[in-house]
Amino acid sequence: MKLSHITARYGELPILEDFSLELPDSGVICFFAPSGTGKTTLLNLLCGLLQPDSGSISGLEGKRFAFVFQEDRLIPSLSARDNVGLVLDWEHQELAARYLADLNLSGWENALPQELSGGMQRRVAIARAFAYGEQCGQDTVYLLDEPLKGLDEQTAIHTLRLIRRWVAGRLAFFITHDREQARQIADWIITFAGQPMRVSGMEQNRPSIH
């Protein structure tokens, strides 16, 4: 897939300026950069939530996108299972319980978000994205914006292993500020600097988690 001469601004602030980048069509691609560089803007451009001021993106036509946002975005009045099930068709509702169980949330399916810890809420958001991705099939692209934020080390490692398994054979973009997380999961690590955002390094990586 390719981004060609992308320009994107917030008001007068240039986030991307004549930005071009060619990316693999599968694997886990980690975006690594300081806060405020423009990584989330780039994810929003890739999935069409944000349109560039100029330039084009090719290679994602016909794809469906499963997004773990920086914010959990759970509906307070719905249980953990219903928050996941909200994005699923009736025939795929069983995926909600399965993904919650994989993320060690069995027994909490009926809990409301305010009854869950911050890390548990984060895992519900992760379950929602990956259940939706499985429903959509092999054409799913995963956009993971600091998905492990708020998780303790042991839970983060377990979740990294699950993510690596769930995205096998597909394309996933993974944003993190943690270099070790990037080393553990990514096939490619792209380091950005800015602003406007530019690529300061791109390396192929052998992930340590399988």
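Up top you'll find the structure we're talking about.
Residues numbered from 1 in each chain as written. Predicted model: local features only at pLDDT ≥ 70, side-chain atom pairs only at ≥ 80, totals over all residues. Heavy atoms only, no water.

Participant: What am I meant to see in the packing of aromatic side chains here?
Facilitator: What characterises a pair of aromatic rings is the spacing of the ring centres plus the angle enclosed by the ring planes. The full count for this structure, using the stated rule, is seven aromatic pairs. With 5.5 Å between their ring centres and 35° between their planes, Phe31 and Phe173 make a pair best called tilted. Of this pair, Phe31 sits in strand β3 (residues 27-32) while Phe173 sits in strand β7 (residues 171-176), placing them 142 residues apart in sequence. Look at Phe31 and you get buried, because its relative accessible area is 0%. Grouping aromatic residues by their ring pairs yields a cluster made of Phe19, Phe31, Phe173 and Phe192. Sitting over the ring of Phe32, Arg179 keeps its end group 3.9 Å from the ring centre. (Phe/Tyr/Trp six-rings, centres within 6.5 Å; stacked < 30°, edge-to-face > 60°. Helix = DSSP H or I, 4+ residues; strand = E, 2+ residues; numbered from the N terminus. Buried < 20%, exposed > 50% of the residue type's maximum accessible area, 1.4 Å probe, protein only. Lys NZ or Arg CZ within 6 Å of the ring centre and 35° of its normal.)

Participant: What exactly am I supposed to notice about the sheet that holds strand β4 (residues 54-58) here?
Facilitator: Within a sheet, neighbouring strands are paired by backbone hydrogen bonds and run either parallel or antiparallel to one another. Taken in spatial order, the three strands of this open sheet run β2-β1-β4, and their pairing is antiparallel. Since the sheet does not close on itself, it has two edges, and those belong to β2 (13-22) and β4, each with one partner. Looking at each pair of strands side by side, their axes are set apart by 25° on average, direction ignored. One ladder, built from four bridges, connects strand β1 (residues 2-10) with β4; its direction is antiparallel. Opposite Lys2, over in β4, you have Ser58 as the bridge partner. Against the sheet, helix α1 (residues 39-47) touches β1, β2 and β4, its axis set at about 120° to β1. (Pairing = 2+ DSSP bridges. Axes fitted to C-alpha atoms, helices over the stretch in contact; angles between N-to-C directions. Contact = heavy atoms within 4.5 Å.)

Participant: In this structure, what is going on with the sheet that holds strand β6 (residues 140-145)? I would like to understand it.
Facilitator: Reading across the sheet, the six strands line up as β5-β6-β7-β3-β8-β9 and stay open at both edges, with mixed pairing between neighbours. Whereas interior strands pair on both sides, the edge strands pair on one side only; in this sheet they are β5 (64-68) and β9 (198-204). The mean angle between the axes of side-by-side strands here comes to 15°, regardless of whether they run parallel or antiparallel. When β3 meets strand β8 (residues 188-193), the two strands line up parallel, connected through four bridges. Looking at the pairing, Cys30 lines up with Ile189 of β8.

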